[in-house]
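Spelled out, the chains give:
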Amino acid sequence: MTPPPGPSTPTSWRIALPHTAAAVPVARALVRTALTEIDSPAADMDTAELLTAELVANAVEHTAGDAPIELVVELLETGCQVEVHDADPAPPADLTNPDDAEEPDPWQEHGRGLLLIRTLSSSCGHRPTESGKAVWFTLPAVPRQRPASEA
């Protein structure tokens, strides 16, 4: 992973991930690293990691083939945006136009990822790319907490 040239703190990261479940912890670590390395207010790290894991897991589970999945983390003045690119052009079901009559079954292990993304992000969506699609979410910046030892 190579950050783009420019300021000492990169404003975006891009990495190709394997089309396997092993991509999920790698993606979480990249988001955690990106949000830790900046000095200004950043998005909530736990929420960013959770939603990133959901996007990557969905890309692995719902796209065929073994083409890599690409993770893009962009730090914005107002927070961060995370995108996951995959080779399937089909939009994710129920991301931006959920069917209110279809609530996830509380007894099922799956089916809540897109609900989490819609609920916890400030915005989310998808767009076509030259090689498939990108699914994204944004999170607002939150003030940094001072460590308890400084309080």
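Thresholds, definitions, all that
- Residues numbered from 1 in each chain as written.
- Predicted model: local features only at pLDDT ≥ 70, side-chain atom pairs only at ≥ 80, totals over all residues.
- Heavy atoms only, no water.
- pLDDT = per-residue confidence, 0-100.
- Helix = DSSP H or I, 4+ residues; strand = E, 2+ residues; numbered from the N terminus.
- Contact = heavy atoms within 4.5 Å.
- Core = buried A, V, L, I, M, F, W, Y, C linked by side-chain atoms within 4.5 Å.
- Buried < 20%, exposed > 50% of the residue type's maximum accessible area, 1.4 Å probe, protein only.
- Arc of directions from axis to C-beta.
- Pairing = 2+ DSSP bridges.

### Notes on the confidence of the model for the chain
Overall, the predicted model of the chain reaches an average pLDDT of 82, with 74% of residues at or above 70. By mean pLDDT, the top-scoring element of the chain is strand S4 (residues 79–86) (95), and the lowest-scoring one is strand S2 (residues 42–43) (78). In the predicted structure, residues 2–8 sits below a pLDDT of 50 and forms 3 contacts with residues beyond four places in sequence or in another chain.

### Re the nonpolar core
Val56, Leu71, Val73, Ile117 and Phe137 are the most contacted members of the largest nonpolar core, which has 34 residues in total. Sorting the residues of this core by element identifies strand S1 (12–17), helix H1 (23–36), S2, helix H2 (45–62), strand S3 (69–76), S4, helix H3 (113–120) and strand S6 (132–142) as the ones contributing at least two each. If we ignore the near neighbours within four places in the chain, the residues touching isoleucine 117 are Leu51, Glu54, Leu55, Leu95, Cys124 and Phe137.

### Some details on H3
The periodicity of an α-helix, 3.6 residues per turn, causes residues three or four places apart in sequence to face the same way. Among all positions of H3, only Gly113, Leu114 and Ile117 are buried. Down the axis of H3, the smallest arc covering the buried residues is 95 degrees, so these residues share one side. Looking at the packing, one finds that the buried side of H3 touches H2, strand S5 (123–129) and S6.

### A look at the pairing of S6
Direction of pairing for S2 relative to S6: antiparallel, over a ladder of 2 bridges. Paired with alanine 42 across the strands is valine 142, a residue of S6. As defined by bridge partners, S4 adjoins S6 across 8 bridges and the pair is classed as antiparallel. Looking at S6, one finds that cysteine 80 is bridged to leucine 139. With 7 bridges connecting them, S5 and S6 associate as antiparallel partners.

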